[in-house]
Structures are given as structure tokens and as C-alpha cells.
Amino acid sequence: MIKKGLTLAAMAMSLAGITNAQQATSNKVVADKIIAQIGDGIVLQSDIQEGVNQYRSNPEFTNLPPDLDCHILKTQVMMKALAIQAQRDSLPFSDDEVAQAFQSKIQMYMQQFGTREKLEQAAGKTIEQMRQEWTPELKQTLLAQKMQRSIAQDVTITPVEV
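Described in the following lines is the structure provided in the data block. Note that the coordinates shown come from a computational prediction; the quantities given were computed from them, not determined experimentally. (Residues numbered from 1 in each chain as written. Predicted model: local features only at pLDDT ≥ 70, side-chain atom pairs only at ≥ 80, totals over all residues. Heavy atoms only, no water.)

## Here's the deal with the pattern of salt bridges
Oppositely charged side chains can pair when the atoms bearing their charge come close. Here is the rule we go by: The salt bridge definition used is simple: a Lys or Arg side-chain nitrogen within 4 Å of an Asp or Glu carboxyl oxygen. Numbered from the N terminus, helices here are DSSP runs of H or I no shorter than four residues, and strands are runs of E no shorter than two. Exposure is judged per residue with a 1.4 Å probe applied to protein chains only, and the accessible area is read against the type maximum: over 50% gives exposed, under 20% gives buried, and values in between give partly exposed.
Taken as a whole and assessed by the stated rule, the structure comprises four salt bridges. Note that Arg116 and Glu120 form a salt bridge whose closest N and O atoms lie 3.3 Å from each other. With a gap of four residues between them, Arg116 and Glu120 both fall in helix α5 (residues 116-123), about one helical turn apart. Overall, the relative accessible area of 41% leaves Arg116 in the partly exposed class. Arg131 serves as the salt-bridge partner of Glu128, at 3.2 Å between the closest nitrogen and oxygen. Of this pair, Glu128 and Arg131 both sit in helix α6 (residues 127-152), three residues apart, roughly one helical turn.

## Quick notes on the pairing of strand β1 (residues 34-38)
Note the threshold: For two strands to count as paired, DSSP must find a minimum of two bridges between them.
In this sheet, strand β2 (residues 41-44) lies alongside β1 in antiparallel orientation, the contact comprising four bridges. Looking across to β2, one finds that Ile34 is bridged to Leu44. Between β1 and β2, which pair antiparallel in sequence order, lie two residues; one of them, Gly39, sits at a positive phi of approximately 60°.

## Notes on the packing of helix α4 (residues 95-113) against α5
Selection rule: Only the stretch in contact is used when fitting a helix axis, every axis being a line fitted to C-alpha atoms; angles between N-to-C directions are given from 0 to 180 degrees. Each angle receives one of four descriptions, namely roughly parallel if under 35 degrees, roughly antiparallel if over 145, roughly perpendicular if within 65 to 115, and oblique otherwise. It only takes one pair of heavy atoms within 4.5 Å for two residues to be counted as in contact. For this classification, the nonpolar set comprises Ala, Val, Leu, Ile, Met, Phe, Trp, Tyr, Cys and Pro, the charged set comprises Asp, Glu, Lys and Arg, and every other residue, Gly included, is treated as polar.
Between α4 and α5, the shortest axis-to-axis distance is 8 Å and the interhelical angle comes to 95°. Of the possible angle classes, the one that applies to α4 and α5 is roughly perpendicular. Each of Ile106, Tyr109, Met110 and Phe113 in α4 lies in contact with α5, whose residues at this interface are Arg116, Lys118, Leu119 and Ala122. For the contact of α4 with α5, the per-class residue count stands at six nonpolar, no polar and two charged.

## Looking at the nonpolar core
Cut-off, in case you're wondering: To define a nonpolar core, start from buried Ala, Val, Leu, Ile, Met, Phe, Trp, Tyr and Cys residues and group those joined through side-chain atoms within 4.5 Å.
Counting nine residues, the largest nonpolar core is built from Val98, Phe102, Ile106, Leu119, Ile127, Met130, Trp134, Leu138 and Leu142. If you list the elements that add at least two residues to this core, you get α4 and α6. Sort the elements by how many residues they give to this core and α6 lands first, with five residues. Membership of the second largest hydrophobic core comes to eight residues, among which are Ala36, Leu68, Ile72 and Ile84.

## Regarding the side chain of Lys80
Here is the rule: Only four residue types enter the charge count: Lys and Arg as positive, Asp and Glu as negative, with His and the chain ends excluded. Under the rule applied, a polar contact is a pair of N or O atoms within 3.5 Å (in protein, one hydrogen donor and one hydrogen acceptor; residues adjacent in sequence only if both atoms are side-chain atoms).
Secondary-structure assignment places Lys80 in helix α3 (residues 68-88). No salt bridge forms around the buried Lys80; measuring N to O, its nearest opposite-charge neighbour Asp47 is 5.7 Å away. There is a polar contact of 3.2 Å between the side chain of Lys80 and the side chain of Gln140. Contact partners of Lys80, with chain neighbours within four places excluded, come to Ile38, Ile42, Val43 and Gln140.

## A closer look at the packing of aromatic side chains
Within a pair of aromatic rings, the relevant descriptors are the distance that separates the centres and the angle that separates the planes. Rules: Classification of ring pairs uses Phe, Tyr and Trp, with its six-membered ring standing for Trp, and accepts pairs whose centres are within 6.5 Å; under 30 degrees between planes counts as stacked, over 60 as edge-to-face, and the remaining range as tilted. Two thresholds decide whether a charge sits over a ring: the Lys NZ or Arg CZ must be within 6 Å of the ring centre and within 35 degrees of the ring normal.
Scanning all chains against the criterion turns up three aromatic pairs. Ring geometry for Tyr55 against Phe61: centres 4.9 Å apart, planes inclined by 65°, an arrangement best described as edge-to-face. Accessibility expressed as a relative area gives 34% for Tyr55, which makes it partly exposed. With a relative accessible area of 37%, Phe61 lands in the partly exposed category. Ring geometry for Tyr109 against Trp134: centres 5.8 Å apart, planes inclined by 45°, an arrangement best described as tilted. Here Tyr109, found in helix α4, pairs with Trp134, found in helix α6; they are 25 residues apart in sequence, far enough to count as distant. For Tyr109, a relative accessible area of 23% puts it in the partly exposed group. Aromatic rings pair up to connect Phe102, Tyr109 and Trp134 into one cluster. The lysine or arginine in question, Lys105, covers the ring of Trp134, its NZ or CZ lying 4.6 Å from the ring centre.

Remember, this is a structural readout, not a statement about activity or role.
Here it is, written out as C-alpha cells:
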């Protein structure tokens, strides 16, 4: 009888432990999620959400599609795939190109905000922090653009084909 009671008590404690573990797991908050993997690169859910937010906060874009997140994902996957192919094909690329692209981007934002200080205040980070954060993305974008040009340069379409 005592043995049965101990067994029942052990089972009850095990069930209570499982229930507590399930409750703890259901209370977990996911910080971010990998949406796609392309080669060694990944696309995070936060990347997609950031892109959606950028489009929605820009007053120039008024007629956004309901599946904007899918369009952004498609674009990011394509850009990463093109960048990987550009690296495989060893397309010429320099850090000066990245620096120039960064400067162009900063100049565009400075025209919008007026001064460097206002830009940094709006972004919540310094220009140097932006450079460090944006450089990998700019490299990837430039590589993808070079690959697109490389693919398209040999393509000719005649009026008959159109």
C-alpha cells in the first residue's frame, strides 16, 4: 500500500513537472525567426518586418500590396542568391565602391533631415554606427547588382521576340 502511494505521488509530481514545463515553454517569447536560408546567409523575420515598416513609413508609397512581406522576402532571397553567384564568379569588387555607396546613402538622408546631427538623432545612432551596420548589406547589394548586370549584358531582344 505504501509502495502504491509512493508510486502515485511520484507520478503526480512528474505530471506536475510536465505541466509546469509546458507552461514555461508556452510563455517563451521568440526574439527572431529564420525565414529563409540562402547559402551561408539567412533572412530573419525582423529583416522582413523592417522592410515592411520602411515602405509603410514612406509617404511616397501609397498603394502597397497586401502581401508586401512576401515581395520583400522574394527580393531579399534573390539579392542574396545573386551576391553568392557574384562571389563564385569572382566579380571584381572593392571597398571603395562600398564606401561610395554608403556616402551616397548618407547624403540622401542628410538632404531629408537637414543636418548630420538631425540624421543621427532620427536614426538613434552615429554615422559610424550606421556605417558598421549597413556595410554588409551594401556589399551584398552591390554584388547582386553587378551580377544582374553581368547576366543581362549579353542578352539581346529583338522586336519579334517582344
